[in-house]
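Residue-level structural notes
Residue strings, one per chain:
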Amino acid sequence: MMIREYDPSDSERLYEILCDSLDESFRQEMLSYFHLQWPKGQIVACDFSGRPIGLLFVSKTDSSHARIMMFAVDRDHRSFGVGSKMLVHLKHIAMMNGIIHISLEVRPSNMRAISFYKRHGFVATEVLRNYYNNGGDAVKMDLILQLNI
C-alpha cells in the first residue's frame with residue numbers, strides 16, 4: 001500500500017468510495033474544493049497497482065488547527081490498517097505544518113469509528129445537536145498533537 005497526496009484524476013474512484021461509505025451526500029466537486037484549500041491535507045491510500053482504496057480529506061481552519069472533513073476506506077480494504085496509516089501520515093503532515101489540533105465529527109451510533117479515533121488519541125469533547133442533514137447528532141472529537149522530544 002502507498003500513501004500519497006490527492007490527484008484530481010482520483011476523483012471518480014474516490015467519489016465511489018465516499019458514496020459507498022458515508023451516509024451524508026457530497027458532490028464530487030467537493031474533492032477539488034478541499035484540494036484547492038490545502039493540497040497537503042488531501043491524502044489518498046492506493047493499492048500496489050496505484051488504484052485508490054481510501055481517502056482522508058482535511059481542511060486547515062487556521063495556522064494551528066485542522067479538521068477532518070471526509071475519511072473513508074473501500075469496504076474490501078477495511079481492517080487491514082489502511083485508515084491507521086492515513087491517520088499517522090496526517091499527523092506527520094500536520095506537525096510539519098505547525099498544526100497541533102485536529103478535530104472531527106462522527107455519528108454517536110458509529111461506535112467502530114469512535115473506537116478507532118480513540119485508539120489514535122482522539123477524545124470526545126462535545127455532542128453537537130442536529131449536526132447532520134437528517135437532523136442527527138454528532139460527537140466532536142479532538143486530538144492535540146505533541147512533539148516527542
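You'll find the structure just up there.
Keep in mind that what you see is a predicted model, and the values were worked out from it rather than measured.

1. A word on the packing of aromatic side chains
- Counted according to the given criterion, the structure contains seven aromatic pairs.
- On the basis of an interplanar angle of 45° and a centroid distance of 6.2 Å, the ring pair of Phe71 and Tyr117 is categorised as tilted. Highlighted residues: Phe71 in strand S4 (residues 65-73) and Tyr117 in helix H4 (residues 111-119), separated in sequence by 46 residues.
- Centroid distance Tyr117 to Phe122: 5.5 Å. Interplanar angle 65°. Geometry classified as edge-to-face.

2. Here's the deal with the layout of surface pockets
- The calculated volume of the largest pocket comes to roughly 1,100 Å³.
- Looking at the largest pocket, it is lined by 40 residues, and the ones nearest its centre are Leu22, Phe71, Asn110, Ala113 and Tyr117.
- Those elements that place two or more of their residues in the lining of the largest pocket are helix H1 (11-21), helix H2 (29-37), S4, helix H3 (82-96), strand S5 (101-106) and H4.
- Among the elements that make up the lining of the largest pocket, the one with the highest residue count is S4 (seven residues).
- Tallied by class, residues from the lining of the largest pocket come to 19 nonpolar, 11 polar and 10 charged.

Conventions we followed
- Residues numbered from 1 in each chain as written.
- Predicted model: local features only at pLDDT ≥ 70, side-chain atom pairs only at ≥ 80, totals over all residues.
- Heavy atoms only, no water.
- Phe/Tyr/Trp six-rings, centres within 6.5 Å; stacked < 30°, edge-to-face > 60°.
- Helix = DSSP H or I, 4+ residues; strand = E, 2+ residues; numbered from the N terminus.
- 1 Å grid on protein atoms, 1.4 Å probe; cavity = no way out; pocket = protein on both sides within 12 Å on 5 of 7 lines; lining within 4 Å.
- Points joined across faces, edges and corners; volume = space filled by probe spheres on them.
- Nonpolar A, V, L, I, M, F, W, Y, C, P; charged D, E, K, R; others polar.

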